[in-house]
Amino acid sequence: MPTSAGKTKSCELIVRSAFLGRRTNLAVIVAPFRALCNEIYNDFYHQFLEDKDIFVSLISDVMQMDENLEFNDKVFSVLILTPEKLEYILRHQPELANHIGLIIYDEGHLFDDDSRGIKYELLLASLKRNLSESCQKILISAVIPNAREIGDWLMGNNYEPIEAKNLNPTQRDIAFVNWKYKKAQLQFVDSLRIDQEEFFVPKVMESYPLTLKGRERKERNYPNKGQASEIAMALGCTLVSSGTVAVFVARKDSAMKCAKDIVDAFDRKTPLVDPSELTEVNMLQRFIKYLNRTLGEDSSISKVCKFGIMMHHGSLPEGVRLSVEYAIQKQHTKFVICTSTLSQGVNLPIRYLIVTTTRQGKDEIKTRDFHNLIGRAGRAGKYTEGTIIFSDNQIYDKKERDDWYWNKTRRLLDPSMSERCFSKILDIFLPVSNYENNEEWEWSQNKVKESINQYLLNALENIVDPEEAVVFAEELAQNTLAYKQAFDYQKLELISHFQKIAKRVIEIEPSVSKRKIFSKTILPLEGSLLLFETLSNSIDSLNSVKNFGDLFEFFWPIIYKFTPKLPRYVPEDKLKYILERWIKGDTYSQIFSDPEIQGIRLKKNRNLLVEHVVDLCDGIYGYESSLIIGACIEILGVIDKWDKRLEDGLKLFQKAVKYGLLDHLSLTVYELGFVDRSLAHSIASIIRKDIQGVSKQSVKNALKDKRDSIDMLICEEYPSYYEEVFQRYI
């Protein structure tokens, strides 16, 4: 079903049908990105608001059993969560699979995603074995050319593929920048046959001279021919009065360069339209204040925001991304620079999508991913049409002399060229020649084997005999999408890989009780064993901790040793100091501006940016290190001398590392959707004196009691997204 064709509404109708027909009381929606989970939750919250017997829950992505997952026949429940959290819950509460009567996999084409494709496939393979026969399974995607093949694997013969490839809810036009003369024009072409020209719009843009500064003598202009990002930003300023503009770039550093260049152009008195003139003043001022406080006045997003231009990429804090998405959805702002995060299921009302590149990160974008991206232009219900503009004028201007780029663009725009969705496990058969070097090939091989290791560790937790494990491993291998898609000779090798890993799992750790614990850590067996040894050797020190500071000192060496992506070129004492500041709740700006941090140099002697602090705190400490703490909590359960009275404190410590907040009340406020650390802390301070306990229900009651003070805080200091969150509880 194409992007913007109504997948979310379809999901709602499917859930309502299942509940009204009494086929189940529990529906689960699995979405691969936290941002998409938030969006689905917001939509479902409003759609089911008046259904008093239907409870919609957004499950946190902390690897803890921190939700009450007990169900009865009197209420209907919808759980919305990531694949990783569902996998974690099922490892701790496998009987939950018996209660699931409907499961919906959104963005179901991610089996070949580099970062999570293997785990996603193995999760679905596990659910195939454990879900009841009566469970209704729905897999939804805008871009699966081989839907029947995936359906055959996931559901056997008992399913019905529903394809709507030719359903186009809105008209989408294709245009190229043609800049052969002084002023550029837009050349529109047939969307399916780009060699067939339709019409052109003349004089849409020209290169303007910029004011020189200081001792500068060389003439400066903006935008410049051949500079796709400059052309895109100038076009965006020209078109923004007619509808929301999104400028697509390959990477976050490209987004920051776009922002830096347009800010410089405005500072140098370019005559381009200033998008801030089309932005609601109060909203913009609140956003600027929020970004200055969170990321600092010198951050690229803070500077460009002053001109009514937002940014959306993976190195922004969750609260900032959600606020940007909400502002665009409500059309409080109409200009955004974005990476492929835009194509990750988030529904934004884009009128003009300006494409600066056909790359996604360092690789060429896949045709099917490109169609997922351009589907954001002309959202149904918002616009009746959308326009995709290629801003690199060399694509069109040089197509007669050098047609390589033109032909590549033609293939991208042809939906029949969309790539099949392949299992990422099959990468294990790729030769070294498919990679840039041996290190990349070895990394890919190890990633596949580690994922299979984790999967088998869980599946084989009750098996003692290595030979029995070998037999069962064959069945598990045959249950994968990889086996379905493999050639005959690869199928035998795939079974052999599974069997070797299964046998090794049993031989390395014959204890069933330990394997059951290790299978819940989401770590490879070798990592769990090493962590077990480390904790066993230092258990007396752990039992003697007296306070949170002692706990931090005990776990720092473990975090440093076991967190794989920590930048080792940064001195250990600096990394430790940043984690301390993060846990205390300091903003990214405060951490970045600390004199202790400013001296850090990155690889190739690059300067440290606040975006690097966000990546370290959110992405590495907040995700990977919190997983390590979660693994420690699991493993301590099989160490006899472990003082279990410390367990609650250790779980609080895991959340502190995850969210960057120290006290329980602030953490609860954060998990209710106020996903800005400063805001969560401020709200906690307002309600602290009058609250009884820190349960979510107690906090919800306190929010109502203090609504005036909290409403004033949000309306003065924070983007309007948090007003929407607050309204849920009052």
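Every value quoted in this text rests on a predicted model; they were computed, and no experiment measured them.

Caption draft 1: A look at the overall build of the chain. Looking only at helices and strands, one finds 31 helices and 17 strands in the chain. In terms of overall size, the chain behaves like a compact globule, its C-alpha atoms giving a radius of gyration of 26 Å where 730 residues would be expected to give roughly 27 Å. In terms of overall dimensions, the chain has C-alpha extents of about 80 × 65 × 55 Å along its principal axes. Buried residues in the chain amount to 57% of all 730 residues. Summarising the internal contacts of the chain: among those between residues at least 6 apart in sequence, 69% fall at separations of at least 24. Of the roughly 31900 Å² of accessible surface on the chain, a fraction of 48% belongs to carbon and sulfur atoms. Distance between charge centres in the chain, computed from 97 positive and 103 negative side chains, equals 3 Å.

Caption draft 2: Region of interest: the sheet that holds strand β4 (residues 102-105). If you trace the five strands from one edge of the open sheet to the other, you get β2-β3-β1-β4-β5, paired in parallel fashion. Each having just a single partner strand, β2 (54-58) and β5 (136-139) make up the two edges of the open sheet. The sheet shows a mean angle of 15° between the axes of neighbouring strands, direction not considered. One ladder, built from four bridges, connects β4 with β5; its direction is parallel. If you follow I104 over to β5, its bridge partner there is I138. The strands touched by helix α1 (residues 7-20) are β1 (26-30), β2, β3 (76-81), β4 and β5; relative to β4, the strand with the most contacts, the crossing angle is about 170°. The sheet contacts of helix α3 (residues 83-92) involve β1, β3 and β4, and relative to β3 the element is tilted by about 120°.

Caption draft 3: A look at the packing of aromatic side chains. In the structure shown here, the tally under the stated rule is 28 aromatic pairs. Taking the centre distance of 5.4 Å and the plane angle of 45° together, the rings of F44 and F48 count as tilted. Comparing F44 with F48 shows no difference in burial state: the two are buried. Note on F487 and Y489: the rings are 6.3 Å apart at their centroids and 5° apart in plane angle, and the pair reads as stacked. As far as burial versus exposure is concerned, F487 and Y489 are alike and both exposed. R568 extends its terminal NZ or CZ atom over the ring of Y560, reaching a point 4.6 Å from the ring centre.

Caption draft 4: Spotlight on the side chain of T294. Summarising the element assignment, T294 is placed in helix α8 (residues 281-295). On the basis of relative accessibility, which here comes to 6%, the residue T294 falls in the buried class. Within the structure, the side chain of T294 is placed 2.8 Å from the backbone oxygen of Y290, a separation counted as a polar contact. Ignoring anything within four residues of it in the chain, the contact list for T294 reads V320, T587, Y588, S589 and D676.

Caption draft 5: View of unusual backbone geometry. The omega angle of the peptide bond from Y222 to P223 is -5°, so this bond is cis rather than trans. Here P223 shows up in the loop between β10 (221-222) and α6 (228-239). Despite not being glycine, R22 has its phi angle at roughly 60°, a positive value. Look at R22 and you get exposed, because its relative accessible area is 61%. Its identity is not glycine, yet E107 carries a phi of approximately 50°, on the positive side.

Caption draft 6: Region of interest: the state of the cysteines. For the coordinates displayed, the defined rule picks out zero disulfides. For the unlinked cysteine C135, the closest cysteine sulfur is that of C11, found at 14 Å. Relative accessible area serves as the criterion here: at 5%, C135 is assigned to the buried category. Of the cysteine sulfurs around C421, a residue in no disulfide, the closest is that of C11, at 18 Å.

Caption draft 7: Representation of the nonpolar core within the structure. Core analysis: the biggest nonpolar cluster contains 244 residues, and F555 and F674 have the highest contact counts within it. Per-element tally for this core: the top contributor is helix α25 (residues 610-636), with 14 residues.

Caption draft 8: Region of the structure containing the confidence of the model for the chain. In this model, the chain carries a mean pLDDT of 90, and residues with pLDDT of at least 70 account for 96%. Ranking the elements of the chain by mean pLDDT puts strand β15 (residues 359-360) last with 77 and α6 first with 97.

Here is what the cut-offs are and how they apply
Residues numbered from 1 in each chain as written. Predicted model: local features only at pLDDT ≥ 70, side-chain atom pairs only at ≥ 80, totals over all residues. Heavy atoms only, no water. Helix = DSSP H or I, 4+ residues; strand = E, 2+ residues; numbered from the N terminus. Rg over C-alpha atoms; globule rule 2.2 N^0.38 Å. Buried < 20%, exposed > 50% of the residue type's maximum accessible area, 1.4 Å probe, protein only. Contact = heavy atoms within 4.5 Å. Areas by Shrake-Rupley, 256 points an atom, 1.4 Å probe, with all protein chains shown as cover. Lys, Arg positive; Asp, Glu negative; His and termini not counted. Charge placed at Lys NZ, Arg CZ, Asp CG, Glu CD. Pairing = 2+ DSSP bridges. Axes fitted to C-alpha atoms, helices over the stretch in contact; angles between N-to-C directions. Phe/Tyr/Trp six-rings, centres within 6.5 Å; stacked < 30°, edge-to-face > 60°. Lys NZ or Arg CZ within 6 Å of the ring centre and 35° of its normal. Polar contact = N/O pair within 3.5 Å; in protein donor to acceptor, adjacent residues only side chain to side chain. Disulfide = S-S within 2.5 Å. Core = buried A, V, L, I, M, F, W, Y, C linked by side-chain atoms within 4.5 Å. pLDDT = per-residue confidence, 0-100.

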